[in-house]
Amino acid sequence: MVNYEFSLYTFEYFLMILVRVASFVFIAPFFGMNNTPNRVKIGLSVFTSIILYQVLMPKNPLEYSGVIEFAIIVLKEGITGLLIGFAANICNSIVLLSGKIIDMEIGLAMMDIFDPSSNQQVAITGQFYNYLIMMLLIVTNMHHYILRALIDSFQVVPVNGAVFQWDHLLETMITYMADLMVIGFRIVLPVFAVSMILNCILGVMAKVAPQMNMFAVGIQLKILLGFTIMFLTISLLPSISNAVFREMKKMIVSIIEGMY
């Protein structure tokens, strides 16, 4: 039986759920993209909050002594939702970093494009990989896992129950920075290895045939070989996405552990 009767106390509880869900939807990957209509974001937040309110029917009203304490509760719920969404969204920077390094190696570093989904300049190769990873995120139902993580967070971090352990959150970010470099360099490694071999060959050729303009020849060869290696390694994209999604799950769990 569905019961959506609201009183003043239960409506405050519903508002806290809505604040956490809306904060999550605002920043989470796929859900919080700028090209997603605002009506869709608002509708998803409201309907998800209504369903969660029915599941998490409050037994006791929120306890606060004034407007300031109520505002603090709202702020805590907003930060909780933002941190969960940020933990998933920040993992996209792995492929963006890899694309930036690849562009530097093959000579496309000057071809940054404007990404309307993030309102910033990004590398063209990184944006290409980012869209492919986002497509695999939808195909593999990873967006369901992210949304389910938010819903499960109400079990371990109830409304007005967040206790931020800043040392744990800082350690999580430091660990992520290390994983970012490791996973990102693994993605770049094929292009980097071929580029290094090509630079060695061009260096030898510059000594053997100094009359040739190795600078002009090298630019074209780097772009050609870079595109060739990207084409040959496109089959490794599912493995790359698995590494990114594992890091995404690890970050979400670690961030939630730092809030209770």
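Here is a short report on the structure shown in this document. Treat the numbers as computed from the prediction; the structure is a model and nothing was measured. By convention here, each chain's residues receive numbers from 1 onward along its written sequence. Since the coordinates come from a predicted model, pLDDT governs what is reported: local features require at least 70, and pairs of side-chain atoms require 80 or more to be given and counted, while whole-chain, interface and lining totals use all residues. Calculated side-chain values reflect all of the structure's heavy atoms, with hydrogen atoms and water omitted.

**Here we look at the packing of aromatic side chains**
Rules: By convention, a stacked pair of Phe, Tyr or Trp rings (six-membered ring in the case of Trp) has centres within 6.5 Å and planes under 30 degrees apart, an edge-to-face pair has planes over 60 apart, and any other such pair is tilted. Helix and strand assignments follow DSSP, with helices taken as H or I runs no shorter than four residues and strands as E runs no shorter than two, numbered in order from the N terminus. Buried residues are those whose accessible area, probed at 1.4 Å on protein chains only, stays under 20% of the maximum for their type, while exposed residues exceed 50% and partly exposed ones sit between those limits. Two limits define a charge over a ring: the Lys NZ or Arg CZ must be within 6 Å of the ring centre, and within 35 degrees of the ring normal.
Counted according to the given criterion, the structure contains seven aromatic pairs. Taking 6.1 Å as the distance between ring centres and 85° as the angle between the ring planes, the aromatic pair formed by phenylalanine 14 and tyrosine 53 counts as edge-to-face. Of this pair, phenylalanine 14 sits in helix H1 (residues 8-27) while tyrosine 53 is found in helix H2 (residues 38-55), placing the two residues 39 residues apart along the sequence. Grouping residues by exposure puts phenylalanine 14 and tyrosine 53 together as buried. Three or more aromatic residues link up through ring pairs in this structure, and these residues are Phe11, Phe14 and Tyr53. Across from the ring centre of phenylalanine 154, 4.2 Å away, lies the NZ or CZ of arginine 20, which sits over that ring. The aromatic ring of tyrosine 145 is capped on one face by lysine 249, whose charged end is 5.0 Å from the ring centroid.

**Thoughts on helix H4 (residues 93-106)**
Counting along an α-helix, one turn takes 3.6 residues, and residues three or four places apart therefore face a common direction. The cut-off we apply is this: Expected span, for any helix, means 1.5 Å times one less than how many residues it has. The directions from the helix axis to the C-beta atoms are what the arc is built from. Whether two residues are in contact is decided by their heavy atoms, any of which lying within 4.5 Å being enough.
With 14 residues, H4 extends 20 Å from end C-alpha to end C-alpha; this agrees with the ideal 20 Å at 1.5 Å per step. What H4 keeps buried is the set Ile94, Val95, Ser98, Gly99, Ile102, Asp103, Glu105 and Ile106. Taken around the axis of H4, the buried residues stretch over an arc of 165°, which confines them to a single face. Those residues of H4 that are buried are in contact with helix H5 (124-139), helix H7 (166-208), helix H8 (214-232) and helix H9 (237-257). Phi turns positive one or two residues past the end of H4, at glycine 107, with a value near 95°.

**Overview of a nonpolar patch on the surface**
The following threshold applies: Like charges are joined within 9 Å and nonpolar side chains (Val, Leu, Ile, Met, Phe, Trp, Tyr) within 5 Å, but only among residues with over 30% relative accessible area and no salt bridge; these make up the patches. All accessible-area figures derive from a Shrake-Rupley calculation using a 1.4 Å probe, and residue coverage is judged against the displayed protein chains alone. Salt bridge, as used here: a side-chain nitrogen of Lys or Arg that lies within 4 Å of a carboxyl oxygen of Asp or Glu.
Taken together, the side chains of Ile197, Ile201, Met205, Met212, Val217, Leu221 and Leu224 define a hydrophobic patch exposed on the protein surface, amounting to about 580 Å² of accessible area. For the nonpolar patch, the secondary structure elements donating two or more residues are H7 and H8. Relative to the elements of secondary structure, methionine 212 occurs in the loop between H7 and H8.

**Looking at the packing of H5 against H9**
Going by this rule: Axis definition: a line fitted to C-alpha atoms, over the contacting stretch in the case of helices. Angles run 0 to 180 degrees between N-to-C directions. Angle categories are assigned with fixed cut-offs, so that under 35 degrees is roughly parallel, over 145 is roughly antiparallel, 65 to 115 is roughly perpendicular, and the rest are oblique. Just so you know the grouping, Ala, Val, Leu, Ile, Met, Phe, Trp, Tyr, Cys and Pro go in nonpolar, Asp, Glu, Lys and Arg go in charged, and all remaining residues, Gly too, go in polar.
For the pair H5 and H9, the least separation of the axes is 10 Å and the interaxial angle reads 75°. Regarding the angle of H5 to H9, the classification is roughly perpendicular. Along its contact with H5, which presents Tyr129, Leu132, Ile133, Leu136 and Leu137, the element H9 presents Leu237, Pro238, Ile240, Ser241, Phe245 and Met248. Here the contact of H5 with H9 is built from residues that sort into ten nonpolar, one polar and no charged.

**Overview of the nonpolar core**
Heads up, the rule is: Only buried residues count toward a nonpolar core. Its members are Ala, Val, Leu, Ile, Met, Phe, Trp, Tyr and Cys residues joined through side-chain atoms within 4.5 Å.
Formed by 62 residues in total, the largest nonpolar core has its most connected members in Ile17, Phe24, Val244, Phe245, Met248, Ile252 and Met259. Of all the elements, H9 adds the most residues to this core, at ten residues. Those residues in contact with methionine 259, other than ones at most four positions away along the chain, are Thr80, Leu83, Ile84, Val157, Gly161, Ala162, Val163 and Phe164.

**Focus: unusual backbone geometry**
One non-glycine residue, asparagine 141, lies in the positive phi region at around 60°. Along the chain, asparagine 141 falls in the loop between H5 and helix H6 (142-156). Looking at asparagine 141, the relative accessible area reads 40%, which means it is partly exposed. Phi at asparagine 160 takes a positive value of approximately 60°, unusual for a residue other than glycine. Tracing the backbone through its elements, the reader meets asparagine 160 in the loop between H6 and H7. Since its relative accessible area comes to 29%, asparagine 160 is described here as partly exposed.

Without other data, these values stay purely geometric and don't point to any function.
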